[in-house]
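A look at the structure
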Amino acid sequence: MTELKQTKLHAKHVALGAKMVPFAGYDMPVQYPLGVLGEHNHTRAAAGLFDVSHMGQCFIIADDGTFVTAAKALEKLVPASIQDLEPGQQRYSQFLNEDGGTLDDLMISRLGFEGHTHKLYLVVNAGCKDADYAHIQKHLPAGVKLDVADDTLSLIALQGPKAVDVLARLNPAVKNLVFMTHTDLPLTNTIWVHISRSGYTGEDGCEISVKHDDVEALTDLLLAEPEVEMIGLGARDSLRMEAGLCLYGHELDPSVSPIEAGLIWSVQKHRRSADAGYLGAARVASDLADKTTKRLVGIQPEGRAPAREHTEIQDMDGNVIGEITSGGFGPSSRGGAGGPVAMGYVARKFVKAGTPVQLIVRGKPRPAKVVKMPFAPHNYFRG
Amino acid sequence: MSIHFTEDHEWIAVDGDVGIVGISDYAAKALGDVVFVELPDIGLELDKGDEAAVVESVKAASEVYSPIGGEVTEVNGALEDEPAKVNEDPQGDGWFLKIKISDADELEGLMDEAAYKTYCEGL
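Residues numbered from 1 in each chain as written. Chains lettered and ligands numbered in written order. Predicted model: local features only at pLDDT ≥ 70, side-chain atom pairs only at ≥ 80, totals over all residues. Heavy atoms only, no water.

Another point: the interface of chain A and chain B. Listed per partner, the contact involves 17 residues of chain A and 14 residues of chain B. Regarding the contact of chain A and chain B, the summed buried area is about 1300 Å², with carbon and sulfur atoms giving 51% of it. Sorting the residues of chain A by area buried against chain B places Arg304, Arg308 and Arg362 of chain A first, and these three jointly supply 44% of that buried surface. Counting the contacts that link chain A with chain B gives 5 salt bridges. A salt bridge links Glu38 of chain B to Arg362 of chain A; its shortest N-O distance comes to 2.9 Å. The tally of links between chain A and chain B comes to 11 residue pairs in polar contact (both at pLDDT 80 or more). At the level of elements, α2 (36–45), α7 (233–242) and β19 (364–371) of chain A are the ones that each hand at least two residues to the side of chain A that touches chain B. In terms of residue class, the side of chain A that touches chain B is built from 6 nonpolar, 4 polar and 7 charged. (Contact = heavy atoms within 4.5 Å. Buried area = accessible area lost by both parts, 1.4 Å probe. Salt bridge = Lys/Arg side-chain N within 4 Å of Asp/Glu carboxyl O. Polar contact = N/O pair within 3.5 Å; in protein donor to acceptor, adjacent residues only side chain to side chain. Helix = DSSP H or I, 4+ residues; strand = E, 2+ residues; numbered from the N terminus. Nonpolar A, V, L, I, M, F, W, Y, C, P; charged D, E, K, R; others polar.)

Okay, here's the thing in structure tokens:
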């Protein structure tokens, strides 16, 4: 067995009483003494601090010092349009294989700081990062470099309605960011960060990339604010599920196209044709045209019983029509009353909201229906 | 009334031939916030070790096994609307079911409170 890796905040998690579990090769906090439910509700009400330093951070930089060269290179690997990114703009996209299956999903930012606007900054999933880096390396043309920053940068996220208030106490300029924008700024006299107004909870908030040497001091500074609590992976999962956000390895895998996963919004219009020029473009175009492929939908079980991952989905006649990919309890769903929530793939003709389906939980069919996501409203700040 | 514990962290409080079954403080803490409890049908015949109920926390589902054989005579319907009772008072209001014990000899081999405490400390 290989030794689990640790983030720079590992000792802090342990000192705070976190329950640690193996996740994507790292020993990570699944919950703190507040508990998953308490951490979930705290994030929706105030501000939750997440250590996501296990995720991969890297830069793509062209030798000629231009943005367009780097952008063109990355556009060969993702469906998103990159050349039209403004300095400081951020986009969500996916790495696809030649068949259009999803290798990973990622965030892409064009740096906004003067003198650095030619650089692309990427955040990828922990469990995929080594394969991602190899994939990028393999496909980058001569003259464009991948610079992996995992040896120097940690990543934390502060999420919730009070997150930006808290950060603005350190630097009021944080308030100038809107959803899906990115900048570089100092949060103290000595701590500079890459910061974006984005996250994985459906709430307003920021993701903050900070030097390994500074992450503990910054964490202490944020935790000292009355609104802030540490949040583990357990609540991270229930928060993102309620927000209807995909998790790699669950909703996304190498067999699934971004169209099937409902991510068409992340593929700009001029990138939807088979000759758009990126790996997997043909599949994206054909899945858009072909109304028979499966689609990811939200599923709300009736009653209180959660339906977990791999639960079989049947139509009302008992025919198998799909499978749950993520399922559990959404404390903020149903207008805050809480209840089971799930996501899963169903055959195309069952995607309409309100369609009744049955979930086979412990051998028994239970009524459920297809619903629109998110399960809890998004609270993004769009300016 | 005597109380006995299993290695799977169920408890059974026995009064005559009736047993009340639930999960221990230790189990409730380990599970975290309980959001759903699936209880058996009344009249169900259980053998010792059979799956008697399912308890779901935010994170996962866990089976609850019957500490003894017998017939389910009553279930704690209050858990349907207030599953959090399992966390608040696992060895009281958070009980799961009552069972008519078919063979009291099966209680042998279960732990008493002191032995269970020692067992948990060793985990």
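Here the narrative resumes.
Our focus in this paragraph is the domain arrangement of chain A. Residues and elements named next belong to chain A. As far as domains go, chain A holds domain 1 (10–54 + 151–242) and domain 2 (294–371). Measuring from the centre of the C-alpha atoms in domain 1 to the corresponding centre in domain 2 gives 31 Å. Contact residues are listed per partner, giving 8 residues for domain 1 and 10 residues for domain 2. Of the roughly 630 Å² buried where domain 1 meets domain 2, counting both sides, 64% is carbon and sulfur surface. When the buried area of domain 1 at its contact with domain 2 is split by residue, Arg240, Met241 and Glu242 rank highest and sum to 68% of it. At the junction of domain 1 and domain 2, the tally comes to 5 residue pairs in polar contact (both at pLDDT 80 or more). Those elements that provide at least two residues to the side of domain 1 that touches domain 2 are α2 and α7. Among the residues forming the side of domain 1 that touches domain 2, the class breakdown is 2 nonpolar, 3 polar and 3 charged. (Domains from an automatic or database assignment.)

With that settled, the discussion passes to the pairing of strand β3 (residues 47–51) of chain A. Residue and element names in this part refer to chain A. Extensive coverage of β3 is indicated by the burial of 5 of its 5 residues. Every second residue of β3 is oriented toward a common face, with Ala47, Leu49 and Asp51 on one face and Gly48 and Phe50 on the other, all of them buried. As paired strands, β3 and strand β13 (residues 228–230) are joined by 3 bridges and run parallel to one another. Bridge pairing links Leu49 to Met230 in β13. Strand direction decides the pairing type here: β3 and strand β9 (residues 153–159), joined by 4 bridges, are antiparallel. Considered in β9, the bridge of Gly48 is made with Gln159. (Buried < 20%, exposed > 50% of the residue type's maximum accessible area, 1.4 Å probe, protein only. Pairing = 2+ DSSP bridges.)

A separate point is the environment of Ser209 of chain A. Residue and element names in this part refer to chain A. Here Ser209 shows up in strand β12 (residues 205–211). For Ser209, a relative accessible area of 2% translates into the label buried. Sequence-wise, Ser209 and Leu221 are 12 residues apart; in three dimensions their C-alpha atoms are separated by 15 Å. Among all residues touching Ser209, those that are not within four sequence positions of it are Gln57, Tyr121, Leu153, Ser154, Leu155, Val193 and His194. Here Gln57 takes part through its side chain, which lies 2.6 Å from a polar atom of the side chain of Ser209.

Turning to the packing of aromatic side chains, a few remarks are in order. All names here are of chain A. Across all of its chains, the model carries 6 aromatic pairs over all chains by this definition. Both rings, one in Tyr92 and one in Trp265, keep their centres 5.4 Å apart while their planes meet at 20 degrees; by these two values the pair is stacked. Of the two residues, Tyr92 sits in strand β5 (residues 90–96) while Trp265 sits in the loop between α7 and α8 (281–289), which places them 173 residues apart along the sequence. Taking the relative accessible area as the measure of exposure, Tyr92 reaches 14% and is therefore buried. Both rings, one in Phe179 and one in Tyr380, keep their centres 3.9 Å apart while their planes meet at 10 degrees; by these two values the pair is stacked. One end of the pair, Phe179, is in the loop between α5 (163–170) and β10 (182–186); the other, Tyr380, is in the segment after β19, and 201 residues separate them in sequence. (Phe/Tyr/Trp six-rings, centres within 6.5 Å; stacked < 30°, edge-to-face > 60°.)

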